[in-house]
Amino acid sequence: MIYRNILQIDDDCDDCELFMEALEEISSAQYTAIYDPVEALRKLIESEITPDVIFLDLNMPIMSGIEFLTEIKKQEKLKEIPVIIFSTSQLDHIINEAKD
């Protein structure tokens, strides 16, 4: 599948910048970075943004990636958006929770 509208949710702006630079080398997709998952959730629910895919960090303050993922999967209009999770965590229980 070709994604034309990519959303990255990550509280680390350096990681977002690196992601954007790599993406620009291989794709002409529109890229949006949001550093606050609560803001991202609001914008998604209110249809201010409509990504084809979400790249989601797990380790964020205020709302974790797991909490964010749980909330969007409750929303009928959002639950089908593919979410690609990335994290430095290698703990099995976190990996299994994200898969669930």
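Not measured: the values here are computed from a predicted model. (Residues numbered from 1 in each chain as written. Predicted model: local features only at pLDDT ≥ 70, side-chain atom pairs only at ≥ 80, totals over all residues. Heavy atoms only, no water.)

1. A few points about the pattern of salt bridges
Following the criterion strictly, the structure yields five salt bridges and no others. Lys-43 is the partner of Glu-39 in a salt bridge, and the nearest nitrogen-oxygen pair spans 3.2 Å. With a gap of four residues between them, Glu-39 and Lys-43 both fall in helix α2 (residues 37-45), about one helical turn apart. Its relative accessible area of 31% is what places Glu-39 among the partly exposed residues. One continuous salt-bridge network, built from bridges that share partners, spans Arg-42, Glu-46 and Glu-48. (Salt bridge = Lys/Arg side-chain N within 4 Å of Asp/Glu carboxyl O. Helix = DSSP H or I, 4+ residues; strand = E, 2+ residues; numbered from the N terminus. Buried < 20%, exposed > 50% of the residue type's maximum accessible area, 1.4 Å probe, protein only.)

2. Observations concerning helix α1 (residues 13-26)
Its 14 residues place the ends of α1 20 Å apart at the C-alpha level, agreeing with the 20 Å of an ideal helix rising 1.5 Å per residue. At the N-terminal end of α1, a side-chain oxygen is found 2.9 Å from the backbone nitrogen of Asp-14, two or three residues along, and the residue is Asp-12. (Expected span 1.5 Å × (residues − 1). Polar contact = N/O pair within 3.5 Å; in protein donor to acceptor, adjacent residues only side chain to side chain.)

3. Thoughts on the sheet that holds strand β2 (residues 30-34)
Strand order across the open sheet formed by four strands is β2-β1-β3-β4, with parallel pairing between neighbours. Unpaired on one side and paired on the other, β2 and β4 (83-86) mark the two borders of the sheet. Taking the axes of each pair of neighbouring strands and ignoring which way they run, one obtains an average angle of 20° across the sheet. Bridge count for strand β1 (residues 5-9) against strand β3 (residues 53-57) is four bridges, and the pairing is parallel. (Pairing = 2+ DSSP bridges. Axes fitted to C-alpha atoms, helices over the stretch in contact; angles between N-to-C directions.)

Any functional reading would require information beyond the geometric quantities listed.
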